[in-house]
Amino acid sequence: MSLQFALEQLATHRTKNTRASQDVFRNGLLVLQKKGLKKLGDDGWTFLEQLTLASIDVGRLDVADQCLQLIADKFPNSPRVDCLTGIRMEATEPPEIALKYYADILEADSANAAIWKRRISVLKRIGKVEKAVNELVQFLDTFYTDVEGWLELADIYASCSQYDHSLQALTHVLLLTPQNPFYMLQAAETAYTAEDFPLAIKMFLTVVDMTDGDDSEQLLQESTPLGLTVRAWFGVKLCARRIVQNTNMKSASNTSSPKKLELLDELATERLRVAYSSSGQKGEIAQGRQEVFAWVATPLS
Amino acid sequence: AAYSTYEHLSLLKALGKPEGSLPLDIVYESVLALILGLFGASLNSPPLNDITWASEMKKRTIDGMDSRLGFAQYKSRGKLLFANPHQGKE
């Protein structure tokens, strides 16, 4: 594996925000061994930060300490370095020491978003979920545009089964990132779990629109739904069934249910059949095809 | 081309005649160098990305979008799963 390939992979992980720690660690060690650090120049510091976090995640604290020492020597009073030192402390010391370290930094500079986030995550880890939620809500009052924070709040509420609060947090995410189909899908599935079926079906259809909507040249019969679109069509079918079963259920958000449910159901069935009928990249048939065909064939009511 | 321009200008200054336009062959050389440079840069550029949001979203994954790295937990089982087996207790 060449140095160039390793550097490209690391840059991809940085842009796409994935947490592939083992991959980053392996590529990062390769870069260090082949002396690629000088080649990166100024970019080398973000690379070292990425490698520090990945080595802490993988458990190789010796490598993490080396990288952290290099960064701390270069940037002695930086808040980012404080954050990294705090994370290193979280990995080995008891949580009270890490909390005290973060509290000290926040006293000196109470608008340090990264340190505040680490404090909230430590509180969540040791089980003080209510305190974590209160601090997170305070944090989001100050930093409204932090999408990560709203997603974390939605996740905490969902883990406590408070799906309507989770949906409220996700609506803020949707305001902040209106073009993102992943968050719309998460909101649709949360709405379904919160039993707000008309809202859920509308959101699922919006996801389909967002992910498949630009195939305007191809006819509908020719395009195959892939990825998120398939998940959204599954959601449409599930919602259609539940709406038909509970005809007099009120939607918590006062959304009206769609009028032509049978047609929507038929469309969803056809799209799912197409999605599972086309042969994949290696020419093989999708797994689970028979089960999907059997399930979509059952009638609506 | 830039080097020959500079050399000519310094020669003119040395001869005491700094004004006057550049000699014609130097002009031709710099224009040719510009055209060649344009071709080289445009043919050598990295592959172009689509400009729509939808095409960019097709390349992302749920794990990337939902990673919330600012809140990530670093005290995980990674230490036990990935550490060097010879370093642990035997």
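Residues numbered from 1 in each chain as written. Chains lettered and ligands numbered in written order. Predicted model: local features only at pLDDT ≥ 70, side-chain atom pairs only at ≥ 80, totals over all residues. Heavy atoms only, no water.

Enquirer: An account of the overall build of chain A is requested, with residue identities and associated values reported.
Expert: In terms of helices and strands, chain A carries 16 helices and zero strands. Along the first, second and third principal axes, the C-alpha atoms of chain A reach 65 × 45 × 30 Å. Taken over 301 residues, chain A has a buried fraction of 45%. Long-range pairs, those at least 24 residues apart, make up 56% of the contacts in chain A with a sequence separation of at least 6. Averaging the coordinates of the 32 positive side-chain charges in chain A and doing the same for the 39 negative ones gives two points 4 Å apart. (Helix = DSSP H or I, 4+ residues; strand = E, 2+ residues; numbered from the N terminus. Buried < 20%, exposed > 50% of the residue type's maximum accessible area, 1.4 Å probe, protein only. Contact = heavy atoms within 4.5 Å. Lys, Arg positive; Asp, Glu negative; His and termini not counted. Charge placed at Lys NZ, Arg CZ, Asp CG, Glu CD.)

Enquirer: Lay out the overall build of chain B in plain terms, naming residues and giving numbers.
Expert: A count of helices and strands for chain B gives five helices and zero strands. Taken from the N to the C terminus, the helices and strands of chain B come in the order α-α-α-α-α. Residue burial in chain B is summarised as follows: out of 90 residues, 17% are buried. Roughly 7,400 Å² of accessible area belongs to chain B as shown, and the carbon and sulfur atoms make up 64% of that amount. (Areas by Shrake-Rupley, 256 points an atom, 1.4 Å probe, with all protein chains shown as cover.)

Enquirer: Tell me about the pattern of salt bridges, and name the residues and values.
Expert: Pairing is possible between side chains of opposite charge, provided their charged atoms come close. A full pass over the atoms with the stated rule returns 20 salt bridges over all chains. A single network of salt bridges, built from pairs that share partners, joins Lys124, Glu152 and Asp155 of chain A together with Asp66 and Arg68 of chain B. (Salt bridge = Lys/Arg side-chain N within 4 Å of Asp/Glu carboxyl O.)

Enquirer: An account of the interface of chain A and chain B is requested, with residue identities and associated values reported.
Expert: Often, the extent of an interface is quoted as the loss of accessible area on bringing the components together. Counting residues at the interface gives 38 residues for chain A, matched by 26 residues for chain B. Between chain A and chain B, a total of about 3,100 Å² is buried, with carbon and sulfur atoms accounting for 55% of that surface. Ranking the residues of chain A by area buried against chain B places Lys16, Arg19 and Phe182 of chain A at the top, with a combined share of 19%. In this assembly, chain A and chain B are joined by two salt bridges. A salt bridge links Arg68 of chain B to Asp155 of chain A, with the nearest nitrogen and oxygen atoms 3.4 Å apart. At the boundary of chain A with chain B, the tally comes to twelve residue pairs in polar contact (both at pLDDT 80 or more). Of all elements in the fold, only helix H1 (3-16), helix H4 (44-58), helix H6 (79-92), helix H8 (113-125), helix H10 (147-159), helix H12 (181-193), helix H13 (197-212) and helix H14 (228-245) of chain A reach the threshold of two or more residues within the side of chain A that touches chain B. At six residues, the largest contribution of residues to the side of chain A that touches chain B is made by H8 of chain A. (Buried area = accessible area lost by both parts, 1.4 Å probe. Polar contact = N/O pair within 3.5 Å; in protein donor to acceptor, adjacent residues only side chain to side chain.)

Enquirer: Could you give an account of H12 of chain A, with specific residues and numbers?
Expert: Its 13 residues give H12 of chain A an end-to-end C-alpha distance of 18 Å, which sits within 8% of 18 Å, the value for a rise of 1.5 Å per residue. Of the positions making up H12 of chain A, those classed as buried are Pro181, Phe182, Tyr183, Met184, Leu185, Ala187, Ala188, Thr190 and Ala191 of chain A. Packed against the buried residues of H12 of chain A are H10, helix H11 (163-176), H13 and H14 of chain A together with helix H3 (53-58) and helix H4 (62-65) of chain B. For H12 of chain A, the N-terminal cap is Asn180 of chain A; the gap from its side-chain oxygen to the backbone nitrogen of Phe182 of chain A is 3.0 Å. Positive backbone phi, approximately 70°, marks Glu195 of chain A, located one or two places after H12 of chain A. (Expected span 1.5 Å × (residues − 1).)

Enquirer: Lay out the confidence of the model for chain B in plain terms, naming residues and giving numbers.
Expert: All names here are of chain B. Taken residue by residue, chain B gives an average pLDDT of 73. The fraction at 70 or more is 61%. Confidence, read as mean pLDDT per element, is least for helix H1 (residues 2-14) in chain B (61) and greatest for H4 (86). If you check the scores for this complex, the pTM reads 0.82 and the ipTM reads 0.74. (pLDDT = per-residue confidence, 0-100.)

Enquirer: For the packing of aromatic side chains, give the residues involved together with the corresponding values.
Expert: Taken as a whole and assessed by the stated rule, the structure comprises nine aromatic pairs over all chains. Taken together, the ring pairs connect Trp116, Phe139 and Phe143 of chain A into an aromatic cluster. Over the ring of Tyr74 of chain B we find Arg19 of chain A, and its NZ or CZ is 5.2 Å from the ring centre. Here the basic side chain of Arg273 of chain A rests over the ring of Phe293 of chain A, its NZ or CZ set 4.9 Å away from the ring centre. (Phe/Tyr/Trp six-rings, centres within 6.5 Å; stacked < 30°, edge-to-face > 60°. Lys NZ or Arg CZ within 6 Å of the ring centre and 35° of its normal.)

Enquirer: Which residues make up helix H9 (residues 129-142) of chain A, and what values do they have?
Expert: Residue and element names in this part refer to chain A. The terminal C-alpha atoms of H9, which comprises 14 residues, lie 20 Å apart, in line with the 20 Å expected from a rise of 1.5 Å per residue. Buried residues of H9: Ala132, Val133, Glu135, Leu136, Phe139 and Leu140, and no others. Along H9, the residues classed as buried sweep out an arc of 170° about the axis, all on the same side. Turned more than 90 degrees from where H9 packs its buried face, Glu130, Asp141 and Thr142 sit exposed. (Arc of directions from axis to C-beta.)

Enquirer: Go over the packing of H8 of chain A against H9 of chain A with me, naming the residues and quoting the values.
Expert: Residues and elements named next belong to chain A. Contact geometry for H8 and H9: axes closest at 8 Å, N-to-C directions at 160°. Overall, the two elements H8 and H9 adopt an arrangement that is roughly antiparallel. For H8 against H9, the interelement crossing comes out left-handed. On H9, the residues that touch Ala113, Trp116, Lys117, Arg119, Ile120, Leu123 and Lys124 of H8 are Lys131, Ala132, Glu135, Leu136, Gln138, Phe139 and Thr142. Residues that form the contact of H8 with H9 fall into these classes: seven nonpolar, two polar and five charged. (Axes fitted to C-alpha atoms, helices over the stretch in contact; angles between N-to-C directions. Parallel < 35°, antiparallel > 145°, perpendicular 65-115°, else oblique. Left-handed = near helix turned anticlockwise from the far one by under 90°. Nonpolar A, V, L, I, M, F, W, Y, C, P; charged D, E, K, R; others polar.)

Enquirer: Could you give an account of the packing of helix H5 (residues 61-74) of chain A against H6 of chain A, with specific residues and numbers?
Expert: Residues and elements named next belong to chain A. Axis separation between H5 and H6 bottoms out at 11 Å; the angle between their running directions is 160°. Classed by the angle they form, the pair H5 and H6 counts as roughly antiparallel. As for the relative orientation of H5 and H6, their crossing is left-handed in sense. Residues Leu61, Asp65, Leu68, Ile71 and Ala72 of H5 form the contact with H6, whose participating residues are Val81, Leu84, Thr85, Arg88, Ala91 and Thr92. When the residues that make up the contact of H5 with H6 are grouped by side-chain class, the tally is seven nonpolar, two polar and two charged.

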